Amino acid sequence: MAAKSNLNFFVALLIILLAVLLELRSGWALNFSANFALATLIVLIFFMSFPELVALIVIAAWLINWQPMIGLEIGVFMFVPILFFAIRRFPPWQIWFSNIIFIVLGISLFYFIVDYSFFAGQWAMFLKDVAISLGWGAAIFAALSRYYQFSFRPPPFRDKKHV
Amino acid sequence: MPERWFLFIIIILLGVLIFVPFSSLLKLKQFLFLGQGTGTEHYGDLAVENTALKARLAQLWVSQREPPVQQATAIPAFVYSRYPFNFKNEMLISIGKNQGIAVGEAAIISYASATSSLGDREREVVFIGDVDKVFDNTAAVQTIFDSRFRLSVRIGEEGIESLLIGGSEPKLTLVPKNAEIRKGDIIYSAGADIPYGLPIGEVGEVRMSSDNIFKEATIIFPYDLSDYQMVFILKNAVQDRPSDGR
């Protein structure tokens, strides 16, 4: 049981590493960076306990942070998943739908807080980011749902009402 | 319970990482995520060399009207990391305040000229941005692909004035309506705080602005910035130009 729990954390850690890698590589190669890591962290709020989520957020933030000080972007990046973790039980619909809504809201909130003028100036890039992040987040959610279906340990937030 | 220990160890490790010098961590991250690029030695990059040669030719034309460009000292720096989101286009480099770097200094990429002799290999340069923020041992370079970037430039042998506006697709703006600019004309720096005559790129497609008062043009860049893991910062390179700028 305990070994399975650690495995779950490692699986989440690997997914985060992959998301960060994708985010950085796409930014350097294409001059466009989708929010793979933020979308992944939002998905993980449905599957991880709070300490696990915080550990993953800190690891992802450390990997993505690019300068000696913590900028506004990194602060918002860390804040958004924690905010959604706190309110994840409130929406009345099923969690797959909450996942979609949270990813769209999370990316929008990230852009709005960091630089709201981005919406007006480069809305096409914003929509592209939302679309790619949503696709990635939905795929990760589907994969993790399937993984937990065969796991000994149900995810922390998975009850009869929502599943 | 073992899971709690596992998380405890992770948090301790992260705590230790905070106290490790930032530059060491950056080198680790660079190793993990930046990979081995092509570096600064682009011997066969004829497109970049062509741009530099065109800029040199334009400088020769312009130098008949202006004093020569002051010699600059180029300080090499490794690219540690790049801004990971879409709001900016910046890179963190391995030199900072302690190495004498100041805000506003020009950043260039450099390569060995393929046409010069091996014994006396010349180095060509292309302007890529300027220093935006300086830390103790690192600095952030804002590239011309940043949407906030603005720079006065000149075009071709005639030295036609224009304003370069940065972004994912930088463009030339405020080109006089009657100015004759053609695809392939060289673009070089003419900003107040940037060394004069640094090649930037070539003119792409030319069109009229939306208000029909000026011309605009796209820019063709002869390099891929993601290939470069080393840049150079130019020190003390700004010359005193005539007040009329021509």
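Placed above this text is the structure.
Residues numbered from 1 in each chain as written. Chains lettered and ligands numbered in written order. Predicted model: local features only at pLDDT ≥ 70, side-chain atom pairs only at ≥ 80, totals over all residues.

Focus on the overall build of chain B
Okay, so step 1: From N to C terminus, chain B includes 3 helices and 12 strands.
Okay, so step 2: A total of 246 residues make up chain B; the buried ones form 38% of that total.
Okay, so step 3: For chain B, contacts bridging at least 24 residues in sequence account for 63% of all contacts bridging at least 6. (Helix = DSSP H or I, 4+ residues; strand = E, 2+ residues; numbered from the N terminus. Buried ≥ 20, exposed ≤ 12 C-beta atoms within 10 Å, placed from the backbone. Contact = placed C-beta atoms within 7 Å.)

Structural notes on the nonpolar core
Okay, so step 1: One finds Ile-93, Ile-108, Ile-128, Val-153, Ile-200 and Val-231 of chain B to be the most contacted residues of the largest nonpolar core, which totals 50 residues.
Okay, so step 2: Considering each element in turn, this core owes the most residues, 6 residues, to strand S4 (residues 123–134) of chain B.
Okay, so step 3: Beyond its immediate sequence surroundings of up to four residues, Ile-200 of chain B is in contact with Val-126, Phe-127, Ile-144, Val-153, Leu-164, Ile-187, Tyr-188 and Ser-189 of chain B.
Okay, so step 4: With 42 residues, the next largest nonpolar core counts Leu-24, Phe-46, Phe-84 and Ile-107 of chain A among its residues. (Core = buried A, V, L, I, M, F, W, Y, C linked by C-beta atoms within 7 Å.)

Some points on helix H4 (residues 72–87) of chain A
Residues and elements named next belong to chain A.
Okay, so step 1: The first and last C-alpha atoms of H4 sit 22 Å apart over 16 residues, in line with the 22 Å expected at 1.5 Å per residue.
Okay, so step 2: Buried within H4 we find Glu-73, Ile-74, Phe-77, Val-80, Pro-81, Phe-84 and Phe-85.
Okay, so step 3: Residues of H4 that are buried make contact with helix H2 (36–44), helix H3 (50–64) and helix H5 (95–115). (Expected span 1.5 Å × (residues − 1).)

Topic: unusual backbone geometry
Residues and elements named next belong to chain B.
Okay, so step 1: With phi around 55°, Leu-174 is a residue other than glycine that occupies positive phi space.
Okay, so step 2: Within the secondary structure, Leu-174 sits in strand S8 (residues 171–176).
Okay, so step 3: The residue Asn-212 is not glycine, and still its phi comes out positive at about 65°.
Okay, so step 4: With respect to the helices and strands, the residue Asn-212 is situated in the loop between strand S10 (199–208) and strand S11 (214–220).

Observations concerning the pairing of strand S9 (residues 186–189) of chain B
All names here are of chain B.
Okay, so step 1: Side chains of S9 alternate between two faces, with Ile-186 and Tyr-188 and Ile-187 and Ser-189 buried alike.
Okay, so step 2: Examined bridge by bridge, strand S6 (residues 150–155) and S9 share 3 bridges and lie antiparallel to one another. Bridge assignment links Arg-154 to a residue of S9, and that residue is Tyr-188.
Okay, so step 3: Pairing geometry for S9 and S10, over 3 bridges, is antiparallel. If you follow Ile-187 over to S10, its bridge partner there is Gly-201. (Pairing = 2+ DSSP bridges.)

Let's talk about the environment of Gly-167 of chain B
Residues and elements named next belong to chain B.
Okay, so step 1: Within the secondary structure, Gly-167 is located in the loop between strand S7 (160–165) and S8.
Okay, so step 2: Between the alpha carbons of Gly-167 and Ala-140 there is a distance of 17 Å; along the sequence they are 27 residues apart.
Okay, so step 3: Not counting residues up to four positions away in its chain, the partners in contact with Gly-167 are Phe-145 and Ser-147.

Things to note about the sheet that holds S8 of chain B
All names here are of chain B.
Okay, so step 1: With antiparallel pairing, 6 strands are arranged side by side around a closed barrel as S6-S7-S8-S11-S10-S9. Between one strand axis and the next, the sheet turns by 40° as a mean value, whatever way the strands run.
Okay, so step 2: Across 5 bridges, S10 lies against S11 in antiparallel orientation. Counterpart to Glu-202 in the pairing with S11 is Ile-220. (Axes fitted to C-alpha atoms, helices over the stretch in contact; angles between N-to-C directions.)

Scope: geometric values only; no functional claims are made or implied.
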